[in-house]
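Architecture at a glance
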Amino acid sequence: MTAAEALDDAVRRRLARFAEEGVMARLWDADTSLWKPGDDAHQRVVARSLGWLSVFRDVRPELGELEAFAADVRGAGFRQAVLLGMGGSSLAPEVLSRIFGSAPGWLDLAVLDSTDPGAVLDLAERLDLGRTLFIVASKSGTTVEPLSFFKFFYNRTAEALGARAAGAHFLAVTDPGSLLAGQAEEHGFRAALLNDPNIGGRYSVLSYFGLAPAAMMGLTVERLMDRAEAAASACGPERAGADNPGLYLGAIMGQAALSGRDKLTLVASDRLAPFGDWLEQLIAESTGKESKGILPVVGEPLGPAKAYGPDRLFVQLKLAGQEAGDRALAGLEEAGQPVVRLELKDAYDLGGQFFLWELATAVAGRLLAINPFDQPDVEAAKVLARQSLAEYARKGQLPEQKPVLVEAGLSLFGQAAGASLREALQAFLAQAEPGAYLALQAYLPPRPETEAALQAVRLRLRDRLKLATTLGFGPRFLHSTGQLHKGDAGRGLFIQLTADQPRDAPIPDEIGSTASSVSFGVLETAQALGDGQALAQAGRRVIRLHLGAEVGRGLRRLKEALP
Ligand code: PA5
């Protein structure tokens, strides 16, 4: 029996058990005991997290008003929307914007989810503030990044247009009663869209968090919801077996992970590739905890069968008429690797995919016996970020770190030793056992040329080490795979990449004041150092390579130094 056949067998048995346990009917009944039964604290979190199952009933009636609001914004002359948010509050809008683009005459959408001062200033410099609407999106309303972006852009807008006009350029999407909801009122925002508080960040795409930015871009949100609702019907409570696509996918994901195939490798048609970023967050943040987890591998080009160990599950996401690694996947399947295939008839089918994967992830969570709706390590990172800022404001400096090696302008920090960079990297990477993975965490401006250079490094590592590799820009990934990095079984090896910040931008202490005790550069550095420390404390293997003044040159040298 091939590995794929064995997995298929295990999935069928699992589905039979699910049917006996009445999983589907209980899920649609919002039965919290499907996850962590008997644990009161978890039960309370789950009870507050199942609103994504009732969005069709609760959110749909609001769509007409939402579209009218978007038309009003457009009519008022706005041409650009900028979404300020992290993780579950930003990834869906970003994916929709990269896959659909804006309809003619509607607002272009840019997403800011980086504290890198280069990224903040690059964006600030290209905005026509008079025609820009800022969407401050934060469920909790207390996340440090969106609040910092808000203060920075509000002050700039007030400076350019006058304090009285500034508020009308801001829209909040948040939970009722949050700090941000209060700020929206205080500063006269154009509107505050108050979301259902029973929907968690990464499950919020089909609520205001995904739909408001979609409406601003001129997408037909009704159509997106139609497709989502069709997927939900296909996953209905009466379908208790393999005929339920969400249940089936969740059973495969969970069962594969239990048998060691815990690297879900997404292969998407070019146009759908950005969907991977949303999916990565959903899966990693939902499952990466209690020393378990499914590692989503996205954006890793396909290699030949010999590039992979027995720890992969491949998922093809194909747009009808486009290819998505078809030949290579056929070869992998022949070599015994399991491959799941999903096809979309057009881009609006993404509505269905969003729902399908939410449901599958919830099912996989049950199978792994975890709570797929909490994110303890992300919350811990948020607290750490607020603490480091407070400490910086008090002391005026960040903790000093001494490099273990300096070579050709590159400095190496952390658990590494060797006479040269090559030797140190070799020793670090030699710790990778079968089933390990390598995560590149880039606290760098997320520019296309940087991403291309990082991809080249990643591919070299994958091919040399035969390891699954991931790549994330910091601090964005802290609200996504960051949960899994610290919460999973601990087989990851982490390379943090930092660089000099040639420019910096102050974060205003308060709205309307120029006083600033912390800059974006400091925040980004504090986030890198803080997460490095959190990884090390969780027993993870982590090094940091500071690339110096030139990111491109630094990455070339890193590639040359790789074993
Ligand atoms: O899924 C999650 O809970 C997280 O990724 C959050 O969406 C992210 O941390 C942003 O949180 P908030 O919307 O509260 O600012």
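**A look at the overall build of the chain**
Helices and strands together make up the secondary structure of the chain, namely 22 helices and 17 strands. For 563 residues, the compact-globule estimate of 2.2 N^0.38 gives 24 Å, and the C-alpha radius of gyration of the chain, at 23 Å, lies within 12% of that figure. Projected onto its principal axes, the C-alpha positions of the chain cover 70 × 65 × 50 Å. Buried residues in the chain amount to 59% of all 563 residues. Across the chain, contacts joining residues at least 24 apart in sequence account for 78% of those joining residues at least 6 apart. The average position of the 59 basic charges and that of the 68 acidic charges among the side chains of the chain differ by 4 Å.

**Quick look at helix H7 (residues 117-125)**
Most of H7 sits inside the fold, with 7 of its 9 residues counted as buried. In the core, the buried residues of H7 are packed alongside strand S1 (80-84), strand S2 (108-112), helix H8 (144-161) and helix H21 (520-537). Where H7 begins, the side chain of aspartate 116 points an oxygen toward the backbone nitrogen of glycine 118, at a separation of 2.8 Å.

**What to know about the side chain of asparagine 155**
With respect to the helices and strands, asparagine 155 occurs in helix H8. Note on asparagine 155: relative accessible area 14%, which makes it buried. Not counting the four nearest positions on each side in its chain, asparagine 155 is found in contact with Pro508, Glu510, Ile511, Gly512 and Ser513.

**What to know about the pattern of salt bridges**
Under the definition given, this model contains 37 salt bridges. Measuring nitrogen to oxygen at the nearest pair gives 3.0 Å for the salt bridge that ties arginine 57 to aspartate 58. By relative accessible area, arginine 57 is classed as exposed at 63%. In this structure, arginine 476 engages glutamate 94 in a salt bridge whose closest nitrogen and oxygen atoms are separated by 3.2 Å. With arginine 476 in the loop between strand S13 (468-473) and helix H20 (481-487) and glutamate 94 in helix H6 (residues 91-100), the pair connects residues that are 382 residues apart, well separated along the chain. Like arginine 476, the residue glutamate 94 is buried in the burial classification. Through salt bridges with shared partners, a single ionic network connects Glu94, Arg98, Asp113, Asp277 and Arg476.

**Focus: the sheet that holds strand S3 (residues 132-137)**
Taken together, 5 strands build an open sheet; the order of strands is S2-S1-S3-S4-S5 and the sheet is parallel. The open sheet is flanked by S2 and strand S5 (191-194), the only strands paired with a single partner. In this sheet, neighbouring strand axes are inclined to one another by 20° on average, regardless of whether the strands run parallel or antiparallel. Looking at chain direction, S1 and S3 are connected through 5 bridges and run parallel. Its bridge partner lying in S3, valine 82 is registered against phenylalanine 134.

**Re the site of the ligand**
Looking at the ligand, there are 16 residues lining it, with Ser89, Ser138, Ser140, Thr143 and Gln281 nearest. Contact between the ligand and serine 89: an oxygen atom at 2.6 Å from a side-chain N or O atom of the residue. Between an oxygen atom of the ligand and a side-chain N or O atom of lysine 382, the distance comes to 3.0 Å. Look at the ligand: alone it shows 380 Å² of surface, and the protein chains cover 96% of it. Going through the elements one at a time, helix H14 (275-287) and helix H17 (376-395) are the ones with two or more residues in the shell around the ligand.

**Description of H14**
With 13 residues, H14 should reach 18 Å at 1.5 Å per residue; the first-to-last C-alpha distance of 18 Å fits that figure. Across the 13 residues that make up H14, a large majority, 13, are buried.

**With respect to the packing of aromatic side chains**
One pass over the structure, following the stated rule, counts 24 aromatic pairs. Aromatic side chains phenylalanine 275 and phenylalanine 354 sit 5.7 Å apart centroid to centroid with 45° between the ring planes, which places their arrangement in the tilted category. Taken as a pair, phenylalanine 275 in helix H14 and phenylalanine 354 in helix H16 (residues 350-367) lie far apart in primary sequence, 79 residues in all. Look at phenylalanine 275 and you get buried, because its relative accessible area is 0%. Members of the aromatic cluster, each reached through a chain of ring pairs, are Phe134, Phe149, Phe150, Phe152, Phe153, Tyr154, Phe170, Phe189 and Phe520. One residue, arginine 223, lies across the ring of tyrosine 348, its end atom 4.6 Å from the ring centre. When the ring centre of phenylalanine 100 is taken as origin, the NZ or CZ atom of arginine 271, which lies over that ring, is 5.9 Å away.

**Quick look at the nonpolar core**
Core analysis: the largest hydrophobic core is formed by 100 residues, its most contacted members being Phe275, Trp278, Phe355 and Trp357. With 11 residues, H16 is the single largest residue contributor to this core. Other than its neighbours up to four places away in sequence, tryptophan 278 contacts Leu91, Ala92, Val95, Arg202, Val205, Phe354, Trp357 and Glu358. Listed in part, the 39 residues of the second largest apolar core include Phe150, Ala166, Leu523 and Leu529.

Thresholds, definitions, all that
Residues numbered from 1 in each chain as written. Predicted model: local features only at pLDDT ≥ 70, side-chain atom pairs only at ≥ 80, totals over all residues. Heavy atoms only, no water. Helix = DSSP H or I, 4+ residues; strand = E, 2+ residues; numbered from the N terminus. Rg over C-alpha atoms; globule rule 2.2 N^0.38 Å. Buried < 20%, exposed > 50% of the residue type's maximum accessible area, 1.4 Å probe, protein only. Contact = heavy atoms within 4.5 Å. Lys, Arg positive; Asp, Glu negative; His and termini not counted. Charge placed at Lys NZ, Arg CZ, Asp CG, Glu CD. Polar contact = N/O pair within 3.5 Å; in protein donor to acceptor, adjacent residues only side chain to side chain. Salt bridge = Lys/Arg side-chain N within 4 Å of Asp/Glu carboxyl O. Pairing = 2+ DSSP bridges. Axes fitted to C-alpha atoms, helices over the stretch in contact; angles between N-to-C directions. Near = heavy atom within 4 Å. Areas by Shrake-Rupley, 256 points an atom, 1.4 Å probe, with all protein chains shown as cover. Expected span 1.5 Å × (residues − 1). Phe/Tyr/Trp six-rings, centres within 6.5 Å; stacked < 30°, edge-to-face > 60°. Lys NZ or Arg CZ within 6 Å of the ring centre and 35° of its normal. Core = buried A, V, L, I, M, F, W, Y, C linked by side-chain atoms within 4.5 Å.

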